[in-house]
Amino acid sequence: MTGKTVLKQISLAFLSNFSNIAPGMAIGFSAVAIPALRQLTTAQISWFASIASLATPLGCLCSGPIADRFGRRNAIRAVNVCALIGWLIIGAAFYSPAQQYGLLLAGRFVTGVAAGLCGSPASVYMAEVASVELRSVFTTWVSLFYAIGIFIVYLLGLIFKDDWGSIALIAAVFPLIGLLFLQLFIPESPPWLVTKQRFEEARTSMCRLHGTRTYTEDVQLEMETLLNNRRVKKEKTQQKTLPQQFVKKLKMLTRPNFLRPYRLVLAYFFFQQFTGIFAIMYYAIDIVKGAQVALDPHVAIVAIALVRLAGMVLISFLSTRLGRRTLGLASGVGIALSMLALGSYIVLLKRGLMAQPLPLVPLALLVFYFFITTIGFYPLPFALASEVYPKNIRGTAAGISTASTFVFNFVVVKLYPTMVAALGDFGVFYFYGGMGVVGTLFVLVCMPETKGRTLEEIQAYFVPPGAEPPEAKA
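Okay, so let's go over this structure. What you are looking at is a predicted structure, and each value in this text was computed from that prediction instead of being measured. Counting starts from 1 at the beginning of each chain's written sequence and moves along it residue by residue. Note on the predicted model: pLDDT of at least 70 is required for a residue's local features to be given, and 80 or more for side-chain atom pairs to be given and counted; whole-chain, interface and lining totals, by contrast, use all residues. Excluded from the side-chain calculation are hydrogens and water; included are all heavy atoms of the structure.

Only DSSP runs of H or I reaching four residues or more are called helices, and only runs of E reaching two or more are called strands; each is numbered from the N terminus. A tally of regular secondary structure across the chain gives 23 helices and zero strands. Residue burial is assigned from relative accessible area. The probe radius is 1.4 Å, only protein chains are included, and a residue is buried under 20% of its type maximum, exposed over 50%, and partly exposed in between. Within the chain, buried positions represent 59% of all 474 residues. Here, two residues are considered to be in contact whenever any of their heavy atoms come within 4.5 Å of each other. Long-range pairs, those at least 24 residues apart, make up 83% of the contacts in the chain between residues at least 6 apart in sequence. All accessibility values rest on the Shrake-Rupley procedure with a 1.4 Å probe; residue burial counts only the protein chains present in the view. Counting every atom, the chain has about 18,400 Å² of accessible surface; 68% of that belongs to carbon and sulfur.

Salt bridge, as used here, is a side-chain nitrogen of Lys or Arg placed within 4 Å of a carboxyl oxygen of Asp or Glu. Overall, the coordinates contain seven salt bridges when judged by the stated rule. Linking D68 and R72 is a salt bridge whose minimum nitrogen-to-oxygen distance equals 3.0 Å. We classify D68 as buried; its relative accessible area is 9%. As a salt-bridge pair, R203 and E200 come within 3.5 Å of each other at their nearest N and O atoms. Taken together, the residues R203 and E200, both in helix 12 (residues 199-209) and three residues apart, mark about one turn of the helix.

For the rest of this paragraph, the subject is the environment of T396. Structurally, T396 can be placed in helix 22 (residues 394-446). Separated by 331 residues in the primary sequence, T396 and P65 place their C-alpha atoms 5.4 Å from one another.

Turning next to a nonpolar patch on the surface. Nonpolar side chains collect at one region of the surface, where L340, Y430, V437, V438, L441, L444 and V445 lie side by side and expose about 590 Å² of accessible area between them. A total of six residues in the nonpolar patch trace back to one element, the largest contributor, which is helix 22. Note on placement: L441 falls in helix 22. Residues enter patches when they are more than 30% accessible in relative terms and free of salt bridges; like-charged ones are connected within 9 Å and nonpolar ones (Val, Leu, Ile, Met, Phe, Trp, Tyr) within 5 Å.

Pairing of aromatic side chains requires ring centres within 6.5 Å, counting the rings of Phe and Tyr and the six-membered ring of Trp. Pairs whose planes differ by under 30 degrees are stacked, by over 60 edge-to-face, and all others tilted. Per the stated rule, a full pass over the model turns up 30 aromatic pairs. For the ring pair F138 and W141, a centre distance of 5.3 Å and an interplane angle of 85° mean the geometry is edge-to-face. In this structure W141 comes out as buried when scored by relative accessible area, which is 12%. Considering the side-chain rings of Y369 and F370, the 5.7 Å spacing of their centres and the 90° angle between planes classify their relative orientation as edge-to-face. The exposure classification of Y369 matches that of F370, with both residues buried. Definition used: whenever NZ (Lys) or CZ (Arg) falls within 6 Å of the ring centre and also within 35 degrees of the ring normal, the charge is taken to sit over that ring. Seen from the ring of F48, R108 lies directly overhead, with NZ or CZ sitting 5.1 Å from the centre.

With 149 residues, the main nonpolar core has F29, W87 and Y154 as its most contacted residues. If one sorts the elements of this core by residue count, helix 22 sits on top with 15 residues. When near neighbours in sequence (up to four residues on either side) are disregarded, W87 contacts A22, M25, A26, F29, T111, A168, A171 and A172. By nonpolar core we mean a set of buried residues, namely Ala, Val, Leu, Ile, Met, Phe, Trp, Tyr and Cys, connected to one another through side-chain atoms within 4.5 Å.

Helices are assigned an expected span. That span is 1.5 Å times one less than the residue count. A rise of 1.5 Å per residue sets the reference length of helix 19 (residues 324-350), with its 27 residues, at 39 Å; its end C-alpha atoms lie 39 Å apart and thus fit the reference within 8%. Positive phi appears at G352, one or two residues downstream of helix 19, with a value of about 70°.

What follows concerns the packing of helix 4 (residues 72-94) against helix 10 (residues 173-185). For helices, the fitted axis covers only the stretch in contact; all axes are lines through C-alpha atoms, and the angles between them, taken along N-to-C directions, range from 0 to 180 degrees. At a minimum axis distance of 8 Å, the contact between helix 4 and helix 10 shows a crossing angle of 160°. Taken as axis vectors, helix 4 and helix 10 run roughly antiparallel relative to one another. Crossing handedness for the pair helix 4 and helix 10: left-handed. On helix 10, the residues touching R73, I76, R77, N80, V81, A83 and L84 of helix 4 are P175, L176, G178, L179, L182 and Q183. To sort the angles, those under 35 degrees are grouped as roughly parallel, those over 145 as roughly antiparallel, those from 65 to 115 as roughly perpendicular, and the leftovers as oblique. Working rule for handedness: look at the near helix, and if it is turned counterclockwise from the far one by less than a right angle, call the crossing left-handed; if clockwise, right-handed.

Now the structure itself:
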């Protein structure tokens, strides 16, 4: 692989994942807006925070069919259009006090759909166009750009404080830039083009990916490998009708080569959500206050988001060296230790068993928690969902997987105020720590290693003995 090819892959990973920044900002927006929405009741606040999570599965379920039928580029385009509309609605809410709550819910719903739409297209795209050596790096970049979006919105919250309308309008600029990048610089995925029998376009895209205008020997070799691996014929075949394609897709989703990896991915997403990773993002300022951090909450969450962003950059490189399983185990252990320690600190403080507060302790534990989640439980389920499914249903399957996590996400975010009222701050942290223990055991017992394996080798892992290969039935 030439240096030019590596640079091309890095630039494509940046450009394709840039569209995930605006949806990432939607995840962190509730944290900076809630303190300014003093007129809302506790129930209204919980709906404002969680309605985006309720909408996200809709985007996830649409994302896969869009990516499979209309292409990876159009799926990324849909992310940008949806995010743009959602942020403009939220911006309008700031200047419409009479309709503010309704517009806020509508805007949050639409940005939630955008968050669902962006869950798989960029990671599936990079899984298909990246080399084996770099694939494990790029499939974690969805979470990296989510983290960038969260950091940006937390930083804007520190700058603008209660002016969440300006934050929303600034957020609307990012999908416009994403649409420009898509139009000018991102070619369609050759594997997807091959599945649609569009071979000449696939060759052209492959040339662009290799940074050449001519059909070189390297391009020809990769195209032939692609055709052989996918077991497609170069002759045109009759296109099936939409109902036929729908029935065929449903049949594919009942096969073991979907159901086996789906169970694994679903369980990993369950532990991702119930260890509090997303709940803490949505209620960051309230959680910083509940953890007794003696620092301006806006400053604290910016510092935490910055550390988290550094962790996401680190995971991109660690995943090529240590593997997904090792990082998952380290992350699970760290989540359990930090949350259980934070809960114990609050108990000791509230019961007067400490001579004096140690304000740096809860901050250090939260920073460590955010860092350790970013090297494992936060990005790895998304990366796994882009690798383990057969190519002919990869977009749809990844969309279903991401939809599942945001169903869990809605439950966790919506119930957070209720859990705090019932269990107290320390009880919630104990709950997240306990789930970290169980999640670590899950990774230890059930998680296969995907580092250094081709997509075909990963999918073959889930095929029962004697069954057909994952790609055998197109």
